[in-house]
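Observations on chain architecture
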Amino acid sequence: MEIIAYNTTESFAAEQDHRDPLAHFRQQFFFPQHEGRDALYFCGNSLGLQPKSVEAALQHELEQWRRYGVEGHFRGELPWMHYHKFLQSQTARIVGALEEEVVVMNTLTVNLHLMMASFYRPDAQRFKIILEAGAFPSDQYAVETQARFHGFRPEEAIVELRPRPGEETLRTEDIIQTIEEHGPQTALVMLCGVQYYTGQCMDMEAVARAAHRVGAKVGFDLAHAAGNVPLHLHDWNADFAVWCSYKYLNAGPGGPGGVFVHERHAADASLPRLAGWWGHDEERRFQMEKGFVPMRGAPGWQLSNAQILAFAAHRASLDIFDAAGMTALRRKSEALTGYLEFLLDDLRDKGMNLRIITPRDPAQRGCQLSVVAGPEGRRLFEYLSSHGAICDWREPDVIRLAPTPLYNSFGDVYALYRLLHDELRSGENLSG
Ligand SMILES: *Cc1c(COP(=O)(O)O)cnc(C)c1O
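**A closer look at the overall build of the chain**
Helix and strand counts for the chain stand at 13 helices and 17 strands. In terms of overall size, the chain behaves like a compact globule, its C-alpha atoms giving a radius of gyration of 23 Å where 432 residues would be expected to give roughly 22 Å. In terms of overall dimensions, the chain has C-alpha extents of about 70 × 60 × 35 Å along its principal axes. Looking at the 432 residues of the chain, the share that counts as buried comes to 58%. Taking the 42 positively charged and 56 negatively charged side chains of the chain as two groups, their mean positions are separated by 2 Å.

Put into structure tokens, the structure is as follows:
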């Protein structure tokens, strides 16, 4: 990481924006407005902003539908019949996969169940699932009901990873130790890539290695990692991964999910799976025969035909990622989040009750910083909202701030600092 000598002057932010090679991408997005100006948007971890190109992408598909009706499946430059293929290479670049290892389909939790149907195959000896305590609720419910589905009690089947007393985030060595402790009984390690609450980025490579060493399968939930941190799923050897597209990937509310299945499972027709016609051998899909024959790779897990309008929006958003490139995005992201960290520390030093719980090491986080804001946190959050800074609040006392490198500027971060600074000066948030 480039070492930047941050300071608290406005000219510093302006200078960084001036030198930012990605600065122009901001123009490609619509910002919510606050009192006639762009709001300070730090919620790309929850719902990414709308790319201006999405409207034309939707119009294009509406036009195809209007013009061709059902024949739109076979006509035009992007025939619907093959639509998943038009998102495959861009998606593969984002998660570090071979093309055949990824497919866009369904939504995240649906895909998590589909993946667990194939990769959580418990028996009397090996039935445990290891995941982080306080995982995103949908993941907890999925894991809990999968355990029950196979006849296990969640209390015996689920092993939760917890930070050490007095710590907020997990240590890789502790994760590995837990995997080893439960080794022979562990069927699946199911971990987030970036934790939604703390913003911690896991060492997925080390976790995958440890899981495989004890003979378990390993899957990652990349809801907060896809489009946020560099990923190398193929090289890391994950068995599967799932993610959504509406957070950092900017595909719009309810946007389609994505799935990774490692190449070594690509041709394994013996893997149990919940199938549908869209995963069936393409050449024979319309012969309407009995007997499921999966397509090779991740596309063999598809169930249904593509939701074209949602996919079209996602495709438009992926084009922007491709143009920016994950390497450049990550470089800016480290600088931008480091800047936010520096300014929050400055406010803390000046007496504001703020405590960053996200790891300080840039390698262990993405762009998000989670800040414990104490008993006054909720009020501080509301103060920010009413002054046009959109961030989010997570019970009991955390404000999450996610400056995304694609459309946030150093100026945005500085403006947030000024808002907080004004609040501090007003004397209401002194921690004494
Ligand atoms: C956002 C998020 C989800 C959302 O799941 P959907 O099925 O897309 O509604 C699930 N898991 C994690 C970790 C998330 O951050």
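**A look at the site of the ligand**
Near the ligand the following residues occur: Leu108, Thr109, Phe136, Asp139, Asp221, Ala223, His224, Tyr246 and Lys247. The contact in question runs from a nitrogen atom of the ligand to an N or O atom on the side chain of Asp139, over 2.7 Å. At a separation of 3.1 Å, a nitrogen atom of the ligand approaches a polar side-chain atom of Asp221. In isolation the ligand has 390 Å² of accessible area, and contact with the protein removes 83% of it. The class makeup of the residues in the shell around the ligand is four nonpolar, two polar and three charged.

**Observations regarding the packing of aromatic side chains**
Scanning the model with the defined rule gives 18 aromatic pairs in all. Judged by centre distance (5.0 Å) and plane angle (55°), the rings of Phe29 and Tyr407 are tilted. Here Phe29 is found in strand β1 (residues 29–30), whereas its partner Tyr407 is found in the loop between β17 (398–401) and α13 (410–425), with 378 residues between them in sequence. Assigned by exposure class, Phe29 and Tyr407 land together as buried. A ring pair is formed by Phe127 and Phe152, whose centres lie 5.0 Å apart and whose planes are at 5°; its orientation type is stacked. A residue pair is termed long-range when its members are at least 10 positions apart, and Phe127 in the loop between α4 (108–119) and β7 (128–132) and Phe152 in the loop between α5 (137–149) and α6 (154–157) qualify at 25 residues. Accessibility classification places Phe127 together with Phe152 in one group, the buried group. Grouping aromatic residues by their ring pairs yields a cluster made of Tyr6, Phe12, Tyr339, Phe342 and Phe410. In this structure, Arg26 packs its charged tip against the face of Phe31, placed 4.4 Å from the ring centre. Over the ring of Phe136 we find Lys247, and its NZ or CZ is 5.0 Å from the ring centre.

Parameters at a glance
- Residues numbered from 1 in each chain as written.
- Predicted model: local features only at pLDDT ≥ 70, side-chain atom pairs only at ≥ 80, totals over all residues.
- Heavy atoms only, no water.
- Helix = DSSP H or I, 4+ residues; strand = E, 2+ residues; numbered from the N terminus.
- Rg over C-alpha atoms; globule rule 2.2 N^0.38 Å.
- Buried < 20%, exposed > 50% of the residue type's maximum accessible area, 1.4 Å probe, protein only.
- Lys, Arg positive; Asp, Glu negative; His and termini not counted.
- Charge placed at Lys NZ, Arg CZ, Asp CG, Glu CD.
- Near = heavy atom within 4 Å.
- Polar contact = N/O pair within 3.5 Å; in protein donor to acceptor, adjacent residues only side chain to side chain.
- Areas by Shrake-Rupley, 256 points an atom, 1.4 Å probe, with all protein chains shown as cover.
- Nonpolar A, V, L, I, M, F, W, Y, C, P; charged D, E, K, R; others polar.
- Phe/Tyr/Trp six-rings, centres within 6.5 Å; stacked < 30°, edge-to-face > 60°.
- Lys NZ or Arg CZ within 6 Å of the ring centre and 35° of its normal.

These figures come from the coordinates and say nothing about function on their own.
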